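Descriptive structure summary
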Amino acid sequence: MSKIDELRAKYPSVTSATVKKFDEGDKTKTKKYISFMLKTWVNRSSEISSANELVKLVNMFDELLAYIENKDIYHKDYESITYFLEVVNVAMDKKEENTFVREEHANVLYECDNYLLLQPKTFKGSLKYGANTKWCTSSRTNESIFNRYSKGGFLAYLISKTKDKGSNYEKVAFYSEYSEDPLVGYIQTFNVKDTHVNTNDVVMTGGWDVHEIFNAITIFRANFTNWKRTKKAADTVKHVVSTLTNIDFDFLRKSITILEESNNQEYVSDLKNKINEFIQKIPVNL
């Protein structure tokens, strides 16, 4: 009897389709993880919603073995899927820490001995600097939320380097939507628990110095101004590129020929004038 047949007999409640997923998902030569997946699947909790999710989790464990102290997946500690998930997440954090390059994932807006103010450039950067918070922009399971916020406005994290801040104020998130005026518009402020707060809360409850918050907000507004200016310029160029891409130039050329042959030069002249105007107004170094 083959190993798979033995496992089918041992776990008769598991469907053939699920066993096949585990078998195909175990990429090791000896199929060393399939027994673990079957046992975990039978005893699964709500933390595992599908066979594919369990396969992905086990493969992550295998890929992160260099960052995991207890490499024996059949150890009794791993009978708790909650603990297993925690071990994988900690190993992932260790790997990220070893390979993380700050400049690639965050724009440092200001840094001193007491605090750091930055704009997360990537989801990876948001995960690192938003760690140990409830911010939706730092949710491991939903990158789309970070993308929506970072594209729709200006996002920044204020992080204390000292231990004197009030509970839930060690980190503060600032966000302004694109439609806001960078210099006087509304800045949404959130504490560690993702609770909407105001600057008075940050100072009075959070223990931040009023001058630190004033400085951070001033820097936030200045960088929001530059970001919005750049984004508006990029959107303009994208719109022009999109417009030009949608033009059927072959059909346009044929249309010009037809108009010229019919001695209807008015439309052709208008087109030439617009093209010349466009060429004259765009930067010469393009």
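Provided above is the structure to which this section pertains.
Described in the following lines is the structure provided in the data block. (Residues numbered from 1 in each chain as written. Predicted model: local features only at pLDDT ≥ 70, side-chain atom pairs only at ≥ 80, totals over all residues. Heavy atoms only, no water.)

Pairing is antiparallel in the open sheet, where six strands are placed in the order S1-S2-S3-S4-S5-S6. The sheet is open, and its two edges are formed by strand S1 (106-111) and strand S6 (196-197), each paired on a single side. Relative to S6, strand S5 (residues 188-190) runs antiparallel, the two sharing two bridges. For Phe190, the partnering residue across the bridge sits in S6 and is His196. Of the strands in this sheet, strand S2 (115-120), strand S3 (153-160) and strand S4 (171-177) touch helix H8 (residues 143-152), which is tilted by about 110 degrees from S3. Here helix H10 (residues 210-245) sits on the sheet and contacts S1, S2, S3 and S4; the angle it forms with S3, its principal contact strand, is near 150 degrees. (Pairing = 2+ DSSP bridges. Helix = DSSP H or I, 4+ residues; strand = E, 2+ residues; numbered from the N terminus. Contact = heavy atoms within 4.5 Å. Axes fitted to C-alpha atoms, helices over the stretch in contact; angles between N-to-C directions.)

Let us look at the environment of Asp181. Looking at the secondary structure, you find Asp181 in the loop between S4 and S5. Only 2.9 Å separates the side chain of Asp181 from the backbone nitrogen of Leu183, close enough to count as a polar contact. (Polar contact = N/O pair within 3.5 Å; in protein donor to acceptor, adjacent residues only side chain to side chain.)

It is possible for side chains bearing opposite charge to pair when their charged atoms get close. For the structure on display, the rule yields eleven salt bridges. Note that Lys124 is salt-bridged to Glu96, the shortest N-O span being 3.0 Å. In this pair, Lys124 is assigned in helix H7 (residues 123-129) and Glu96 in helix H5 (residues 81-99), connecting sequence segments 28 residues apart. Under the relative-accessibility criterion, Lys124 is labelled partly exposed at 27%. The partly exposed category is assigned to Glu96, whose relative accessible area is 30%. Here Arg102 ties to Glu111 by a salt bridge, and the two come within 3.2 Å at their closest N and O atoms. Among the residues examined, Arg102 registers a relative accessible area of 27% and is labelled partly exposed. On the accessibility criterion, Glu111 (36% relative accessible area) is partly exposed. Sharing partners across several salt bridges, the network here consists of Arg102, Glu111 and Lys161. (Salt bridge = Lys/Arg side-chain N within 4 Å of Asp/Glu carboxyl O. Buried < 20%, exposed > 50% of the residue type's maximum accessible area, 1.4 Å probe, protein only.)

Right, let's talk about the layout of surface pockets for a bit. Counted as a void, the largest pocket has a volume near 850 Å³. Lining the largest pocket we find 24 residues, and of these Asn89, Met92, Asp93, Leu127 and Arg140 sit closest to its centre. Looking at the lining of the largest pocket, the elements that each hand over two or more residues are helix H4 (51-63), H5 and H7. The element contributing the most residues to the lining of the largest pocket is H5, with seven residues. Residues that form the lining of the largest pocket fall into these classes: ten nonpolar, six polar and eight charged. The calculated volume of the second largest pocket comes to roughly 330 Å³. Lining the second largest pocket are Val240, Thr243, Leu244, Ile247, Phe249, Leu252, Leu271, Lys274, Ile275, Glu277 and Phe278. Take the lining of the second largest pocket: its biggest share by element is five residues, from helix H12 (residues 265-281). Within the lining of the second largest pocket, the residues separate by chemical class into eight nonpolar, one polar and two charged. (1 Å grid on protein atoms, 1.4 Å probe; cavity = no way out; pocket = protein on both sides within 12 Å on 5 of 7 lines; lining within 4 Å. Points joined across faces, edges and corners; volume = space filled by probe spheres on them. Nonpolar A, V, L, I, M, F, W, Y, C, P; charged D, E, K, R; others polar.)

A cluster of nonpolar side chains, contributed by Val240, Leu244, Ile247, Phe249, Ile275, Phe278 and Ile279, occupies part of the molecular surface with about 590 Å² of accessible area. Looking at the nonpolar patch, the element that brings in the most residues is H12, giving three residues. Structurally, Ile247 is set in the loop between H10 and helix H11 (249-261). (Patch = residues over 30% accessible without salt bridge, like charges linked within 9 Å, V, L, I, M, F, W, Y side chains within 5 Å. Areas by Shrake-Rupley, 256 points an atom, 1.4 Å probe, with all protein chains shown as cover.)

Going through the model one piece at a time under the given rule, you end up with 21 aromatic pairs. Taken together, Tyr33, Phe36, Phe61, Tyr74, Tyr78, Tyr83 and Phe84 form an aromatic cluster joined through their ring pairs. One residue, Lys165, lies across the ring of Trp208, its end atom 4.6 Å from the ring centre. Residue placement shows Lys231 over the ring face of Tyr178; its charged tip is 4.9 Å from the ring centre. (Phe/Tyr/Trp six-rings, centres within 6.5 Å; stacked < 30°, edge-to-face > 60°. Lys NZ or Arg CZ within 6 Å of the ring centre and 35° of its normal.)

Burial analysis of S2 places six of its six residues in the buried class, which makes it a mostly covered element. Neither face of S2 is open: one carries Tyr115, Leu117 and Gln119, the other Leu116, Leu118 and Pro120, and all of them are buried. Both S1 and S2 contribute to a ladder of five bridges, which runs antiparallel. Opposite Ala106, over in S2, you have Pro120 as the bridge partner. Connecting the antiparallel pair S1 and S2 is a turn made up of three residues. Sheet analysis places S2 next to S3, joined by four bridges and oriented antiparallel.

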